[in-house]
Amino acid sequence: MYRAGMATILSQLVRDERLYVVEELAATTPKTKEFAGQVKNLGLEQVLFVTKQLDENVYLASRNLPNVLVLEAHQVDPYSLLRYKKVVFTRDAIAQLEEQWV
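Residues numbered from 1 in each chain as written. Predicted model: local features only at pLDDT ≥ 70, side-chain atom pairs only at ≥ 80, totals over all residues. Heavy atoms only, no water.

- In the nomenclature of an unreviewed UniProt entry, the chain corresponds to Large ribosomal subunit protein uL4 from the organism Neisseria elongata.
- Turning to the chain, the UniProt annotation filed under Sequence similarities (unreviewed entry) states: "Belongs to the universal ribosomal protein uL4 family." (UniProt positions renumbered as here; feature names shortened; annotations may be inferred.)

This is how it looks when you write it as structure tokens:
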């Protein structure tokens, strides 16, 4: 039941054009101001980033931003997917979810 619910949510995010896929998510330094600028340049306000493995710089740079959450693929839950306006997955995170649910 959980797997079907997650699949439905992800499908709806794609239909609503709220799900994006990027090659990788990286921050060169653990500075919140720089990461906030990157998020703003992408045109994202309230966003959930999903990665395969959490980079320390990304974690440190994003943790003080109120409308940004960074999770590892195994931590994703339905509430997090529905709570944010945009969801950005890395390609590795998608591959990990496919392995996890198949």
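From this point, the narrative continues.
## Regarding the side chain of Glu72
Alright, step 1. With respect to the element layout, Glu72 can be found in strand E3 (residues 68-72).
Alright, step 2. Here Glu72 is buried and forms no salt bridge, its nearest opposite-charge partner Lys52 lying at an N-O distance of 11 Å.
Alright, step 3. Of the polar contacts made by the side chain of Glu72, one reaches the side chain of His74; its length is 2.7 Å. (Helix = DSSP H or I, 4+ residues; strand = E, 2+ residues; numbered from the N terminus. Buried < 20%, exposed > 50% of the residue type's maximum accessible area, 1.4 Å probe, protein only. Lys, Arg positive; Asp, Glu negative; His and termini not counted. Salt bridge = Lys/Arg side-chain N within 4 Å of Asp/Glu carboxyl O. Polar contact = N/O pair within 3.5 Å; in protein donor to acceptor, adjacent residues only side chain to side chain.)

## With respect to the packing of aromatic side chains
Alright, step 1. Here the structure, examined in full by the defined rule, presents one aromatic pair.
Alright, step 2. Taking 5.9 Å as the distance between ring centres and 65° as the angle between the ring planes, the aromatic pair formed by Phe35 and Phe49 counts as edge-to-face. Of this pair, Phe35 sits in helix H2 (residues 32-41) while Phe49 is found in strand E2 (residues 47-51), placing the two residues 14 residues apart along the sequence. This pair shows no difference in class: Phe35 is buried, exactly as Phe49 is. (Phe/Tyr/Trp six-rings, centres within 6.5 Å; stacked < 30°, edge-to-face > 60°.)

## Here's the deal with the sheet that holds E3
Alright, step 1. Spatial strand order, E1-E4-E2-E3: four strands in an open sheet with parallel pairing. Here the strands that pair on one side only, and so sit at the sheet edges, are strand E1 (19-22) and E3. Along the sheet, successive strands turn relative to each other by an average axial angle of 20°, direction set aside.
Alright, step 2. Two elements, E2 and strand E4 (residues 86-90), share four bridges in a ladder whose sense is parallel. Residue pairing in the sheet places Leu48 in a bridge with Val87 of E4. (Pairing = 2+ DSSP bridges. Axes fitted to C-alpha atoms, helices over the stretch in contact; angles between N-to-C directions.)

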